[in-house]
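If you want the building blocks of each chain, they are given just below.
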Amino acid sequence: MKHRKPEMIRGARANVPVAASAMAYGSVLGVLAAQKGLSWLDMMYMNSAVFAGAAQFVMVDMWSNHMPIFEMTLAVLVINLRYLLIGASLDPLFSGRGLLHKMGMMHLVADENWAVTMSEQRNGSATTWFLFGGGVFLYLAWSSGTLIGLLGGGFITRPEDYALDFAFTAVFTALAVGLWRGKGDVLPGVVAGAAALLAHKFLPGKWYIVAGGLAGAVSAMLGPCEIEEAEEVEDVPSY
């Protein structure tokens, strides 16, 4: 109980760099939402209920006077299928925790604080409250960015002129570099990239996100066995 607050603060501080980027591309979403006629209440409800950047961009893109509810729901479901993999990767962290604890924490899990937590987990110092603290901080940064973009949407008609549209790409590139462990990550990365490119070319919608995630996860799952065996052989002393 007494460790909750320090862990949340530690998680929030660890997510400051990615939160700044999240605020930047959140402002891009806000600008797009303003052009679609969303109110600040619509934006805040979407932030709280969905809290998933890529899915929210798709929702805003599909927003119209005649809302395609079914198509929008299906698109968001497909994009967020990656959270099945994210949830599975966090299973050791939530070991022994109750269902309500898991549900409360997972709602504020985003790609950014998940990546930061996984990096911390490798050092053996991650906790669920560290994850949650990062999620709360990201939510505040994301919501602030979207509202700034929404309310100031009339002043920024072309976000790309200020490179705000690149913030999304930049933050995930930085996260990928931060998670890099060595040569063992090359094959899963290549497999995930190839699968995503093929899916993007031949499948409609956002299935490439799921395809890349699954392909990379399967490759990583199968690859380490051989790597560990090779390392064990190298560690055997010669007499």
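The shown structure was predicted, so the numbers you read here are calculated from the model rather than taken from an experiment. Per-chain numbering applies: the sequence of each chain, read as written, is numbered from 1 onward. In keeping with the model being predicted, local features are shown solely for residues with a pLDDT of at least 70 and side-chain atom pairs are shown and tallied solely at 80 or more, while totals for entire chains, interfaces and linings include all residues. As a convention, hydrogens and water are excluded, and side-chain values are obtained from all of the structure's heavy atoms.

(A) Summary view of the overall build of the chain. For the purposes of this entry, the term helix denotes a DSSP run of H or I that reaches at least four residues, the term strand denotes a run of E that reaches at least two, and both are numbered from the N terminus. What the chain contains, in helices and strands, is 12 helices and zero strands. Element order for the chain, N to C, with α for helix and β for strand: α-α-α-α-α-α-α-α-α-α-α-α. Each residue is assigned to one of three classes by its accessible area relative to the maximum for its type, calculated with a 1.4 Å probe on protein chains only: buried under 20%, partly exposed between the two thresholds, exposed over 50%. Out of the 239 residues in the chain, the part that is buried amounts to 38%. Note on definitions: a residue-residue contact is assigned when non-hydrogen atoms from the two residues lie within 4.5 Å. Taking the intrachain contacts of the chain between residues at least 6 apart in sequence as the baseline, contacts between residues at least 24 apart amount to 77%. Per-residue accessibility takes into account occlusion by the displayed protein chains alone, with areas from the Shrake-Rupley method and a 1.4 Å probe. Working note: accessible area of the chain is about 14100 Å², and carbon and sulfur atoms make up 67% of it.

(B) Highlighting the packing of aromatic side chains. Two rings belonging to Phe, Tyr or Trp (six-membered ring only in the last case) form a pair when the distance between their centres is within 6.5 Å. Interplanar angles under 30 degrees mark stacking, angles over 60 mark edge-to-face geometry, and anything in between is tilted. Inspection of every chain in the model, using the stated rule, returns three aromatic pairs. A centroid spacing of 5.7 Å and a plane angle of 75 degrees characterise the contact between F51 and Y139, whose relative ring orientation is edge-to-face. Here Y139 lies in helix α9 (residues 128–151) and F51 lies in the loop between α3 (40–49) and α4 (53–62), a separation of 88 residues in the sequence. You can call F51 buried: its relative accessible area is 6%. In our convention, an over-ring charge means Lys NZ or Arg CZ found within 6 Å of a ring centre and within 35 degrees of that ring's normal. Just above the ring of F202 sits the side chain of K201; from NZ or CZ to the centre is 5.8 Å.

(C) Structural context of α9. Each residue after the first adds 1.5 Å to the expected span of a helix. The first and last C-alpha atoms of α9 sit 34 Å apart over 24 residues, in line with the 34 Å expected at 1.5 Å per residue. Counting buried positions over the 24 residues of α9 gives 17, a clear majority of the element.

(D) Layout of the nonpolar core. Of all hydrophobic cores here, the largest spans 41 residues; its most connected members are F51, L90 and L138. Sorting elements by how many residues they give to this core places α9 first, with nine residues. Working definition of a nonpolar core: buried Ala, Val, Leu, Ile, Met, Phe, Trp, Tyr and Cys residues. They are joined through side-chain atoms within 4.5 Å.

(E) Spotlight on the pattern of salt bridges. The salt bridge definition used is simple: a Lys or Arg side-chain nitrogen within 4 Å of an Asp or Glu carboxyl oxygen. Per the stated rule, a full pass over the model turns up two salt bridges. The shortest N-O distance in the salt bridge between R10 and E120 comes to 2.6 Å. On the criterion of sequence distance, the pair formed by R10 in helix α1 (residues 4–14) and E120 in helix α8 (residues 111–122) is long-range, its members being 110 residues apart. A residue is classified by how much of its surface remains accessible, and R10, at 28% relative accessible area, is partly exposed. Taken together, the shared-partner salt bridges in this structure form one network comprising E7, R10 and E120.

(F) Fine view of the confidence of the model for the chain. pLDDT expresses how confident the predictor is about each individual residue, on a scale running from 0 to 100. With 80% of its residues at a pLDDT of 70 or more, the chain shows a mean pLDDT of 81. A low-confidence stretch, residues 225–239 (pLDDT under 50), is modelled with one contact involving residues beyond four sequence positions or located in other chains.

(G) Local environment of the side chain of N113. Inspection of the secondary structure assignment puts N113 in helix α8. Contacts described as polar in this section are N or O atom pairs within 3.5 Å, which, within protein, must combine one atom able to donate a hydrogen with one able to accept it, while residues neighboring in sequence count only if both atoms come from side chains. Within the structure, the side chain of N113 is placed 2.6 Å from the backbone nitrogen of A110, a separation counted as a polar contact. For N113, the side chain forms a polar contact with the main-chain oxygen of L131, separated by 3.0 Å. Setting aside chain neighbours within four positions, we find N113 in contact with N15, L108, L131, G134, G135 and L138.

(H) Spatial organisation of the UniProt feature "transmembrane region" (unreviewed entry) in the chain. Listed under "transmembrane region" (unreviewed entry) in the UniProt record, and renumbered for this structure, are residues 72–90, 129–150 and 162–180. For residues 72–90, the helix share is 84%, the strand share is 0%, and the end-to-end C-alpha distance is 28 Å. Structurally, residues 129–150 is divided into 100% helix and 0% strand, and its ends, taken at the C-alpha atoms, are 31 Å apart. UniProt positions are given in the numbering used here, feature names are shortened, and annotations may be inferred rather than shown by experiment.

(I) Region of the structure containing the packing of α4 against helix α5 (residues 69–79). Packing of α4 against α5 leaves a shortest axis separation of 9 Å and a crossing angle of 160 degrees. It follows that α4 is roughly antiparallel to α5 by the angle criterion. Here α4 and α5 pass one another in a crossing that is right-handed. Residue-level inspection shows A54, A55, V58, M59 and M62 of α4 in contact with α5, the latter providing E71, M72, A75, V76 and I79. Just so you know the grouping, Ala, Val, Leu, Ile, Met, Phe, Trp, Tyr, Cys and Pro go in nonpolar, Asp, Glu, Lys and Arg go in charged, and all remaining residues, Gly too, go in polar. Residue composition of the contact of α4 with α5, by class: nine nonpolar, no polar and one charged. Fitted lines through C-alpha atoms serve as axes, helices being fitted only where they are in contact, and the angles separating the N-to-C directions of these axes extend from 0 to 180 degrees. With respect to orientation, any angle under 35 degrees is reported as roughly parallel, any angle over 145 as roughly antiparallel, any angle of 65 to 115 as roughly perpendicular, and every other angle as oblique. Left-handed describes a crossing in which the near helix is turned anticlockwise from the far one by less than a right angle; the clockwise case is right-handed.

(J) Fine view of the packing of α8 against α9. Two numbers describe how α8 lies on α9: the axes approach to 9 Å, and their chain directions differ by 150 degrees. Put simply, α8 runs roughly antiparallel to α9. Judged by the twist between their axes, the crossing of α8 over α9 is right-handed. Taken together, the residues of α9 that come into contact with α8 (itself represented by E112, N113, W114, V116, T117 and E120) are F130, L131, G134, G135 and L138. When the residues that make up the contact of α8 with α9 are grouped by side-chain class, the tally is five nonpolar, four polar and two charged.

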